[in-house]
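Notes for the structure review
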Amino acid sequence: CQSGAVHVEVRVGDFLKCNPNRPPFCDVEVLLVDPSCSGSGLPEHHLLDATGKAQCGQKRLRHLAAFQKRILAHALRFPRARTICYSTCSVHRDENEGVV
């Protein structure tokens, strides 16, 4: 907008079911991608199990990373997207650098 106004529209639903080539999604220019993650970067998630290992195992990390990759790949399909911000609250490379 020339006036400097920003139009923001929040939608709740299954992101993977949004068709990026149909209205209103075909006009989306900015996406904030904040997929489900292990939460390992949050202080309350620094808990260990009885054996002293982190509660989020490698199998769960692999599943989360696969889901995150699907979400990010879908975001990249929006034809008018000029900015995509990917964010997690995880400290695991598998969920961050490994996805991006």
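Everything numeric here is computed off the predicted structure, so don't read it as measured data.

About the cut-offs
Residues numbered from 1 in each chain as written. Predicted model: local features only at pLDDT ≥ 70, side-chain atom pairs only at ≥ 80, totals over all residues. Heavy atoms only, no water. Helix = DSSP H or I, 4+ residues; strand = E, 2+ residues; numbered from the N terminus. Buried < 20%, exposed > 50% of the residue type's maximum accessible area, 1.4 Å probe, protein only. Contact = heavy atoms within 4.5 Å. Areas by Shrake-Rupley, 256 points an atom, 1.4 Å probe, with all protein chains shown as cover. Core = buried A, V, L, I, M, F, W, Y, C linked by side-chain atoms within 4.5 Å. Polar contact = N/O pair within 3.5 Å; in protein donor to acceptor, adjacent residues only side chain to side chain. pLDDT = per-residue confidence, 0-100. 1 Å grid on protein atoms, 1.4 Å probe; cavity = no way out; pocket = protein on both sides within 12 Å on 5 of 7 lines; lining within 4 Å. Points joined across faces, edges and corners; volume = space filled by probe spheres on them. Nonpolar A, V, L, I, M, F, W, Y, C, P; charged D, E, K, R; others polar. Salt bridge = Lys/Arg side-chain N within 4 Å of Asp/Glu carboxyl O.

**Description of the overall build of the protein chain**
Scanning the protein chain from terminus to terminus reveals one helix and two strands. Along the protein chain, from the amino end to the carboxyl end, the secondary structure elements read β-α-β. Burial analysis of the protein chain (100 residues in total) assigns 27% to the buried set. Counted over contacts in the protein chain with a minimum sequence separation of 6, partners at least 24 positions apart contribute 74%. With the model as given, the accessible surface of the protein chain reaches about 7,400 Å², and the carbon-plus-sulfur share is 54%.

**A look at the nonpolar core**
Residues Cys18, Phe25, Leu31, Val33, Ile71, Leu72, Ala75, Phe78, Tyr86 and Val99 constitute the largest nonpolar core, which totals 10 residues. For this core, the elements supplying multiple residues, two or more each, are strand E1 (30-33) and helix H1 (58-75). Of all the elements, H1 adds the most residues to this core, at three residues. Not counting residues up to four positions away in its chain, the partners in contact with isoleucine 71 are Phe15, Leu16, Val33 and Pro35.

**What about the side chain of histidine 74?**
Mapped onto the elements, histidine 74 comes out in helix H1. One polar contact links the side chain of histidine 74 to the main-chain carbonyl oxygen of cysteine 18, over a distance of 2.9 Å. Sequence-distant contacts of histidine 74, that is, excluding residues within four places in its chain, are made with Phe15, Leu16, Cys18 and Pro20.

**Here's the deal with the confidence of the model for the protein chain**
Of the residues in the protein chain, 86% reach a pLDDT of 70 or more, and the chain-wide mean stands at 87. At the low end of the mean pLDDT range in the protein chain sits E1, at 93; at the high end sits strand E2 (residues 83-86), at 96.

**A word on the layout of surface pockets**
Roughly 1,100 Å³ of internal volume is contained in the largest pocket. Glu9, Val10, Val28, Val30 and Leu31 are, among the 28 residues lining the largest pocket, the residues nearest its centre. Taken together, the residues that form the lining of the largest pocket break down as 18 nonpolar, two polar and eight charged.

**As for the pattern of salt bridges**
Inspection of every chain in the model, using the stated rule, returns five salt bridges. One salt bridge in this structure joins glutamate 9 and arginine 11, with 2.5 Å as the shortest N-O distance. Residue glutamate 9 is classed as partly exposed on the basis of its relative accessible area of 48%. Linking glutamate 29 and arginine 80 is a salt bridge whose minimum nitrogen-to-oxygen distance equals 3.0 Å. Remark: arginine 80 occurs in the loop between H1 and E2 and glutamate 29 occurs in the segment before E1; sequence separation between them is 51 residues.

**Digging into the environment of glycine 98**
Inspection of the secondary structure assignment puts glycine 98 in the segment after E2. The exposure class assigned to glycine 98 is partly exposed, which follows from its relative accessible area of 41%. A sequence separation of 32 residues divides glycine 98 from alanine 66, and the C-alpha atoms of the two residues are 9.9 Å apart. Those residues in contact with glycine 98 that sit more than four places away from it in its chain are Lys69 and Arg93.

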